[in-house]
Amino acid sequence: MMPIEKEYAESVCEIKSMENILLAIGKIKEVTDKYIKIYNSKKELRIMDFGEAVKINIFNTKLGFKVIVGNIYTSTKGELSLMNVSILTNKERRNFFRVDMNVDAKVIYRKRGPSKEADIKVLDMSLSGLRFKSDHEFSEGTLVSVVLKLTPNGHGVGKEHTFPCEIVRIIPNEDENMFQYGCKYMGDHDESSDALCSFLFKKQRETLNSQRSL
């Protein structure tokens, strides 16, 4: 019996230690009843010891989030395989690696009548959702679309990507004229998943490099 469905292939995922330290970001390559393979096309995986226990946060908008644990069977910079895989929990969405930022974006929403747009600031992003601030007041459960430009390599003009979201948290904010919201991704944004993954790859490298230099 497979721990997760085969359809999770090509889902982006985070590889973490059992202490929740981010080790790498990759994609599910193959799911069988004996092992799960994960790859990184940029060959940026850390080589790990046989039998080492790791936690994998898997992100898929259609099938849902999964958190699994397993032991390293094979490990290279481009690919690793896990054995003894089991599902840990589906309730660790907030533990996804978050990238802090302060990026101009816009939100598309509907409040009676046609859709409207408003300028916002995206404050952080992860594989599961994002946080933004706005001078517009929204209620929990509101469906919005966040539109922003991602520049994976840090150069040039980024391409606009749209992320359908549901507002799941209203976050206290010091400025009474601004509101902060925590959102989870909704629907299908497969076309943006590679761009988001590449963007987080870059930010992950910057974070890990800064930690090593301390």
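Residues numbered from 1 in each chain as written. Predicted model: local features only at pLDDT ≥ 70, side-chain atom pairs only at ≥ 80, totals over all residues. Heavy atoms only, no water.

### Some points on the overall build of the protein chain
Which entries qualify depends on this criterion: Strands here mean DSSP runs of E at least two residues long; helices mean DSSP runs of H or I at least four residues long; both are numbered from the N terminus. Exposure classes here rest on a 1.4 Å probe applied to the protein chains alone. A residue is buried below 20% of its type maximum, exposed above 50%, and partly exposed in between. The contact definition used throughout considers only heavy atoms, calling two residues in contact when any of these lie within 4.5 Å. Each accessible area is a Shrake-Rupley result for a 1.4 Å probe, and residues are judged covered by the shown protein chains and nothing else.
When you go through the protein chain residue by residue, the secondary structure sums to one helix and twelve strands. Counting helices and strands in the order they occur from the N terminus, the protein chain gives β-β-β-β-β-β-β-β-β-β-β-β-α. Counting every position in the protein chain, which comprises 214 residues, the buried fraction comes to 46%. Taking the contacts inside the protein chain whose residues are at least 6 apart along the sequence as the reference set, 55% of them involve residues at least 24 apart. Surface accessibility of the protein chain: about 11600 Å² in total, with carbon and sulfur atoms responsible for 48%.

### Examining the sheet that holds strand β11 (residues 159–171)
We count it as follows: For two strands to pair, DSSP has to find at least two bridges joining them. Here an angle of 0 to 180 degrees is reported between the N-to-C directions of two axes, which are lines fitted to C-alpha atoms, with helices fitted over the stretch in contact.
Judged by pairing direction, the barrel is antiparallel, and its six strands sit side by side in the order β7-β8-β9-β12-β11-β10 before closing back on the first. Taking each pair of neighbouring strands and ignoring which way they run, the sheet shows an average axis angle of 45°.

### Here's the deal with the confidence of the model for the protein chain
Basically, it comes down to this: Each residue carries a pLDDT value, the predictor's own confidence for that position, ranging from 0 to 100.
Overall, the predicted model of the protein chain reaches an average pLDDT of 84, with 84% of residues at or above 70. Ranking the elements of the protein chain by mean pLDDT puts helix α1 (residues 190–212) last, at 68, and strand β3 (residues 36–39) first, at 96.

### Remarks on the pattern of salt bridges
Once the charged atoms of two side chains with opposite charge are near each other, the side chains can pair. Note the threshold: For this document, the term salt bridge refers to a Lys or Arg side-chain nitrogen within 4 Å of an Asp or Glu carboxyl oxygen.
Evaluation of the coordinates by the stated rule reveals seven salt bridges. Residues K184 and E166 are paired through a salt bridge, measuring 3.9 Å at the closest nitrogen-oxygen approach. With K184 in strand β12 (residues 179–185) and E166 in strand β11, this residue pair connects regions lying 18 residues apart in the sequence. Residue classification places K184 among the partly exposed residues on the basis of a relative accessible area of 26%. Through salt bridges with shared partners, a single ionic network connects K29, K37 and E79.

### Observations concerning the state of the cysteines
To be explicit about the condition: In plain terms, two cysteine sulfur atoms within 2.5 Å form what is called a disulfide here.
With the rule as written, the count across this model stands at zero disulfides. Free cysteine C183: the closest other cysteine sulfur is in C165, separated by 5.0 Å. Looking at C183, the relative accessible area reads 5%, which means it is buried.

### Section: the environment of I21
Its place among the elements puts I21 in the loop between β1 (12–17) and β2 (22–31). For the pair I21 and F97, spaced 76 residues apart in the sequence, the C-alpha separation amounts to 9.1 Å. Setting aside chain neighbours within four positions, we find I21 in contact with I15 and K16.

### Some thoughts on the nonpolar core
Heads up, the condition is: Definition of nonpolar core: a set of buried residues of the types Ala, Val, Leu, Ile, Met, Phe, Trp, Tyr and Cys, connected through side-chain atoms within 4.5 Å.
In terms of nonpolar packing, the biggest core is built from 34 residues, with V122, M125, F132 and V146 touching the most fellow members. Those elements that provide at least two residues to this core are β2, β7 (99–110), β8 (115–125), β9 (129–134), β10 (143–150), β11, β12 and α1. Sequence-distant contacts of M125, defined by excluding residues within four places in its chain, comprise F97, R98, V99, M101, L130, L148, L150, F163, Y185, L196 and L200.

### Re the pairing of β1
Most of β1 is tucked away: six of the six residues are buried. Taking every second residue as pointing to the same face, both faces of β1 are buried, with V12, E14 and K16 on one and C13, I15 and S17 on the other. Pairing geometry for β1 and strand β4 (residues 53–59), over six bridges, is antiparallel. Counted as the bridge partner of S17 is V54 from β4. Alignment of β1 against β2, held across five bridges, turns out to be antiparallel. Residue pairing across strands places I15 opposite A24, the latter belonging to β2. In this structure, the hairpin formed by β1 and β2 is closed by a connection of four residues, where N20 is found at a positive phi of approximately 75°.

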